[in-house]
Amino acid sequence: MTDTLMPNGCKTNGPVESGYFKKGCNPFAQTGRSKLQNKRALLNQQIIKQMRIRAGAENLLKATSNNKVREQVVLELSYVNSDLQLLMEQLEGLNSSVEVYQDVQETSSIPLIPLGLKETKDVDFSVALKDYILEHYSEDGSNFQDEIDDLMDLRQACRTPSRNPSGIDLLANYFSQLSFLETRFFSPTRQIGIFFTWYDSFTGVPVCQQNISLEKASMLFNMAALYSQIGTRANRQTQAGLEDAIAAFQKSAGVLHYLKETFTHTPSYDMSPAMLSMLIRLMLAQAQECLFEQITLPGIRNEFFSLLRIAQEAVKVGETYSEVHQSMIQTPIKNNVPFFWTTMSELKTNHYNSLAHYFVSTALLDHQLTPSDDEDKQEKALSQLYDTMPEGRSPLDILKDKEERRRIGKAHLQRSLMGHEEAIRTHSRCRHLQKLDILSDILQAGLKRSLTKFEQNDKEEEFTDYMLAPDIISKTEKKVEMEIPAATKGPLSVFSAKQRWSAPRTIRLRLQDRDLGFTLKGDAPVQIQSLDPLCPAAAEGLKEGDYLVAVGDTECKWLGVSDVMKLLKDVDEEGVNIRVVSMLDSSSQPMPTKSATYGGLPKTYSMICLAHDEDDKKSRKVAKKPSFLSWGLKNKQKSGSTLSLPNADYNGPRNRPCPTYRNSYNESALY
């Protein structure tokens, strides 16, 4: 998907000009991924409709004592529950449709699993923010309509981000703006009437809250999902593509970890600690798989040490997928994760373990110890392959005994065959896996290769029982790790929603004996201190501790002491008007009331979401005024450019920067 956001009132029936769009998204692009996302949005609407019907039926069942009515309601409930189950299965099918996310040139790699983007409803910031600006900051909210419209445009664009770094930058930019928005407008002691509705990525159940932390957490989830889609889309037939894939999955895991550690009480199950832990493991497992493909991309040398090294790398991939599979089958995760995901992780566990046993068997069967070989080096390599040597034999004895090497090699081949056969059986259990022809071809090729090797080394006269090959120790040269975003200091908190302010007061400032009668302190904004109670300014109403916000017609909210003194140095006998505000006591503010939730349904589903009309449209754009929202930025144009992307200590193509996330919220948990 390319770049986009249509301006208000703009109609398009033909080609869209590039100037109409915000960088990083295109809601009109009819790609396979966008069609899936549209289906997800439609399914979410159908799910919420059925949940409304079910809630009404359950309430009626509780309220009536008429047996005939109760029988009809019970029958209706059975139909509704059946419809909900079918909708959930369709949503699971969307989460299992991984083929549209793969690289179009991919022909010989096992498909990877991306995360789908969370869907949301439109939010109108305009009325609530303008009212709050007037009430809390005593300024005309309509002066900032342009900035509010830009914020709403940015949020709308984030619903359809492009699958590239521009899309990541778009989401990171909006996430950064949310930190400023939270500080300026979302007080912990009151609510301003803005409702955020997000749908669970796995169940489609909506969550509606006035807490902006839900918006921030959902934006982080979508950022991680977009990273996973970028990694899935990378061309894994090239070194550069594999580098991109590894970096993307590591960053996806890092964002998920940041989300898990920062927002600890998320009301949506797809962002619960257990689910996020599983998703982190999945992203790291896929990064480890891409690392294995990167190592084997130039080809695998049929050489003793190379084969053992590749075997241990393959075991590492199988080990990580085994951990993913174990976390997926735990309650309650197994009830929400698509069956496709569970079977795919189990399949990859068997597949990569089978590859490892095949490589070890090849090393033992095809390479005999010769006088020219380094015995000590081979002995060390073989001793590091197992926790316990087969049947207690020493590594050197096994290397020197041709028959023993052959016996252990065939034992590894047996385990390879059993693993490949189990992977094929797992593949046949899931209808979504069966649609992936390339996966079936890869599994059959692996089984055929191991079977051919076994037949080459099988003797008809052998009737001895084969030993069970021991497990192989996992080892990797480049273990993948999360790239966790660095939390940076957020915006200044002086003019924030936590504080209560008086209306700006105009004071006529005059000199008395060439003295203003007070001094200034602080840095943006400056504060009045050491006020002489007998000076003319005090008589006009100036108070100790007041904040100076304007000198004459010049705004000085973001000016330091030296800059403000330059404005005041030319004050003559006629004087100059200044504007000041006073911080009021906020202890008397009432606590917010809680929003109602459905009884009998998950508490994550708020009744508030039923009152929203998605078809509300907004009127836009008034004359430009100094940006109120830019108080936290100084320069609006710098808001996007200040997003620095942290790198690891080492350099390389893999370390493409990851967005910096601001840690400016006051309450990280969701309620």
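Whatever comes next refers back to the structure up there.
Quick look at the structure, then. (Residues numbered from 1 in each chain as written. Predicted model: local features only at pLDDT ≥ 70, side-chain atom pairs only at ≥ 80, totals over all residues. Heavy atoms only, no water.)

What follows deals with the packing of helix α7 (residues 239-262) against helix α8 (residues 273-296). Relative to each other, α7 and α8 sit at 165°, their axes nearing to 9 Å. Classified by the interaxial angle, the pair formed by α7 and α8 is roughly antiparallel. Every pair of crossing elements has a handedness; the one defined by α7 and α8 is left-handed. Of the residues contributing to the contact of α7 with α8, the split by class is 16 nonpolar, seven polar and three charged. (Axes fitted to C-alpha atoms, helices over the stretch in contact; angles between N-to-C directions. Helix = DSSP H or I, 4+ residues; strand = E, 2+ residues; numbered from the N terminus. Parallel < 35°, antiparallel > 145°, perpendicular 65-115°, else oblique. Left-handed = near helix turned anticlockwise from the far one by under 90°. Nonpolar A, V, L, I, M, F, W, Y, C, P; charged D, E, K, R; others polar.)

What helix α11 (residues 375-383) keeps buried is the set Gln378, Ala381 and Leu382. One side of α11 holds all its buried residues, which, seen down the axis, span an arc of 95°. Opposite the buried face of α11, at more than 90 degrees from it, the exposed residues are Asp376 and Lys380. Contact partners of the buried residues in α11: α9 (304-328), α10 (339-366), α12 (395-400) and α13 (402-429). With a side-chain oxygen lying 3.2 Å from the backbone nitrogen of Asp376, the N-terminal cap of α11 falls on Asp374. (Buried < 20%, exposed > 50% of the residue type's maximum accessible area, 1.4 Å probe, protein only. Arc of directions from axis to C-beta. Contact = heavy atoms within 4.5 Å. Polar contact = N/O pair within 3.5 Å; in protein donor to acceptor, adjacent residues only side chain to side chain.)

Taken as a whole and judged by the stated rule, the model has nine aromatic pairs. Judged by centre distance (5.8 Å) and plane angle (70°), the ring pair of Tyr132 and Phe185 falls under edge-to-face. Residue Tyr132 is found in helix α3 (residues 126-137), and its partner Phe185 is found in helix α5 (residues 165-185); the two are separated by 53 residues along the sequence. We note that Tyr132, like Phe185, is buried. Between Tyr137 and Phe185, the aromatic rings sit 6.4 Å apart at their centres with planes inclined by 85°, giving edge-to-face as the arrangement. Taken together, the positions of Tyr137 in helix α3 and Phe185 in helix α5 put the pair 48 residues apart, joining distant regions of the chain. Exposure class is identical for Tyr137 and Phe185. Each is buried. Here the aromatic residues Phe125, Phe186 and Phe196 are joined through ring pairs into a cluster of three or more. One cation-aromatic arrangement involves Lys118 over Phe221; the distance from NZ or CZ to the ring centre is 5.7 Å. (Phe/Tyr/Trp six-rings, centres within 6.5 Å; stacked < 30°, edge-to-face > 60°. Lys NZ or Arg CZ within 6 Å of the ring centre and 35° of its normal.)

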